[in-house]
Amino acid sequence: MHDVVILGSGPAGMSAAITAAEYGLAPLVVDEQPAPGGQVYRAIQGTPLRNRTLLGEAYWQGEALVDRLRDTRIDYRPATRVWQLTRQREIGLLRGERAELVQAHQVILATGAMERPFPIPGWTLPGVMTAGSGQILLKSSGVVPQAPLVIAGTGPLLLLLAVQYLRVGVPIAALLDTTPPGRYRQGLPHLPGALRNPRTLAKGLRWLRELRHAGVRHIKQVSSLRAEGDERLERVAWQCHGQDGWKTLEASTLLLHQGVIPHTQITQALGCEHEWDARQLAWRPRLDEWLRTDIEGIAVAGDGGGIVGAQAAELQGRLAGLGAAHALGAIPAGQAAKEAHRQRSRLARETAIRPFLDTLYRPAPQWRLPADDTLVCRCEEVTAGEIRRMAELGCRGPNQTKAFTRCGMGPCQGRLCGLTVSELLADANGQSIEETGYYHLRPPFTPITLGQLAAASQASKALSAGPGASPPSPEPH
Amino acid sequence: MFQRLSLPDMPRGSEVSFRFGEQELQAREGDSVAAALLASDVLACRSTPVSGSPRAPYCMMGVCFECLVEVDGVPNVQACQVPVRDGMRIRPQHGTEGGR
Ligand SMILES: Cc1cc2nc3c(=O)[nH]c(=O)nc-3n(C[C@H](O)[C@@H](O)[C@H](O)COP(=O)(O)OP(=O)(O)OC[C@H]3O[C@@H](n4cnc5c(N)ncnc54)[C@H](O)[C@@H]3O)c2cc1C
Ligand code: FES
């Protein structure tokens, strides 16, 4: 039985582990990546881009956390995937061919964010990828798109990637900005909050200046976008607000991005209570002041519980680590309360910029509710039109459309269509998104073979709790 | 589609060889299988069970499952989540080959 098991070794998971170890606990940290860092500090130990100006100082800040993860009290296991987590905190781990089940008193989910789905016509063509994928290739392998490259969408990460590409000498044929008109005006009331975190604000302005100086073709107020080609991307076509006609540009790579959302696959499958964040336009698990879910002993830290950014994710990790230590009696109640208060004030300052960023980069409806001909479910190839037709036939929620169309039943288990389908159904039925709901999910979260499963269940006989929820299917259906 | 940067102070990781279908390809140690394929100009790594449309890695972080390939005889492996190794045999996964 482990004191505390932490899933994810991004800033939230690393700081949770470091904090728990400080209070004398022996945390187990698992992450599917081969090295620590999460998304923001991905490949920080192994990146071939050793010149620090290229990825930027904010990236190299992660070194301090990674160093402290070497603490001998911390059992850090890379390349290990979590395929199951039960309400009794039995955790299924898979490393190579080895599956095992472990049990924990406290679980901290620090599994982070994913990019918001960006369904446009042609987004399944080879050559169309996400901006995050471009950044992962850059950080981990120093692999970059060949010209001509088009980047499209909105949000800080898109700008950051453009700046990082400029610094390594990758030409950008065009940056198609889908930020709708009027967003700066709408963001204005939130500016005082943003000014409580001037560092982040200044960084954004610096990126914009860098892009302008480099003469990147920055096309604003893009209102429609298509990826075109036969078997692979050949062209990107777009329209701007208030202008007729389409413009096109040849492209071999199109990188899309419109912000990040909490990756709630595990918390949804657990059946944690979730709420719709109307400002971030995303689901998030409902958390209390210690970041605990409504399930005993399970907390969420970092972007998996609502998008807060890397700095705040680290602070939340500390708070969750403290909470685990407190729950296990490793720290006197008074001291825990005092320390938690200190972390919460720092968090409030750090996240004061979120309302401004969330408003400024809030994707317009057409990017979330695509036209009928656009594929929504990439795996099973279901279009937005089919989902709307299902609504006409009386489908109220995503589990019904799943049964009738297979939408969400493919290998990605609805990760890339779930949000879109919920929003489409809410819109078509004129009901709230809370009434519409989300997919019912089940483990395994990741493909696991029958052989691996059998080995794990053998091992689980040694555990008192037995093999958790319903038996997972062997293939990623 | 993709290429490897060569900047002055970049370490050149050691080279590994792998097969993709009939092709003999090279990559750098530390690359994921998906990165290795993209850097070798491989366009599509699978086709869909529904329409047979070609697909390539999309998210590179394990969420989209567009990168499913067969690695050393094991189907449904997410190419973006597995490091490439010397001598690996990778096969594209067409249509319903991975089961459905
Ligand atoms: C592709 C991408 C790129 C980003 N790049 C930046 C950036 O450059 N700068 C920035 O400020 N923000 C970036 N972000 C935003 C990001 O969410 C950060 O705010 C920060 O990384 C969040 O920290 P975290 O600890 O909450 O989660 P993460 O850093 O995302 O860490 C989560 C970790 O959990 C692991 N994990 C997830 N599921 C499982 C599982 N089932 N089994 C095992 N391990 C699992 C992941 O491998 C990952 O290492 C990026 C987000 C994405 C999606
Ligand atoms: S590229 Fe998305 S899961 Fe591998």
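Residues numbered from 1 in each chain as written. Chains lettered and ligands numbered in written order. Predicted model: local features only at pLDDT ≥ 70, side-chain atom pairs only at ≥ 80, totals over all residues. Heavy atoms only, no water.

(A) Quick look at the environment of Trp238 of chain A. Residue and element names in this part refer to chain A. Mapped onto the elements, Trp238 comes out in strand E14 (residues 235-240). With ten residues separating them in the primary sequence, Trp238 and Thr248 have C-alpha atoms 6.4 Å apart. Those residues in contact with Trp238, other than ones at most four positions away along the chain, are Leu176, Arg217, Ile219, Val222, Ser224, Leu225, Gly245, Trp246, Lys247, Thr248 and Leu249. (Helix = DSSP H or I, 4+ residues; strand = E, 2+ residues; numbered from the N terminus. Contact = heavy atoms within 4.5 Å.)

(B) Just the interface of chain B and chain A, in detail. Facing the 38 residues of chain B at the interface are 52 residues of chain A. At the boundary of chain B with chain A, total buried surface from both sides reaches about 4100 Å², with 60% on carbon and sulfur atoms. When the area that chain B buries against chain A is broken down by residue, the three leading residues are Met1, Phe2 and Tyr58 of chain B, summing to 20%. Here Glu381 of chain A ties to Arg55 of chain B by a salt bridge, and the two come within 3.9 Å at their closest N and O atoms. The set of elements that each furnish at least two residues to the side of chain B that touches chain A consists of strand E1 (2-4), helix H1 (33-39), strand E5 (54-55) and strand E7 (74-78) of chain B. As paired elements, strand E9 (residues 143-145) of chain A and E1 of chain B share three bridges and run antiparallel to each other. Across the sheet, residue Val143 of chain A finds its bridge partner in E1 of chain B, namely Arg4 of chain B. (Buried area = accessible area lost by both parts, 1.4 Å probe. Salt bridge = Lys/Arg side-chain N within 4 Å of Asp/Glu carboxyl O. Pairing = 2+ DSSP bridges.)

(C) Up close: the state of the cysteines. For the structure shown, the criterion picks out zero disulfides over all chains. For Cys407 of chain A, which is in no disulfide, the shortest distance to another cysteine sulfur is to Cys417 of chain A and amounts to 4.1 Å. (Disulfide = S-S within 2.5 Å.)

(D) Expanded view of the pairing of strand E3 (residues 23-28) of chain B. All names here are of chain B. With six bridges connecting them, strand E2 (residues 15-20) and E3 associate as antiparallel partners. Across the sheet, the residue bridging to Arg19 is Glu24, located in E3. Remark: two residues form the turn of the hairpin made by E2 and E3, two consecutive strands paired antiparallel; Gly21 in that turn has positive phi of roughly 60°.

(E) Molecular detail of the sheet that holds strand E8 (residues 128-130) of chain A. All names here are of chain A. Strand order across the open sheet formed by five strands is E8-E16-E10-E11-E12, with parallel pairing between neighbours. Looking at strand neighbours, the two that pair on one side only are E8 and strand E12 (218-219), the edges of this open sheet. Bridge analysis of strand E10 (residues 149-154) against strand E16 (residues 253-258) gives six bridges, and the strand direction is parallel. The residue bridging Ala152 from the neighbouring strand is Leu256, located in E16. Together, E10, strand E11 (174-177) and E16 form the strand contacts of helix H6 (residues 156-167), whose direction differs from that of E10 by roughly 155°. (Axes fitted to C-alpha atoms, helices over the stretch in contact; angles between N-to-C directions.)

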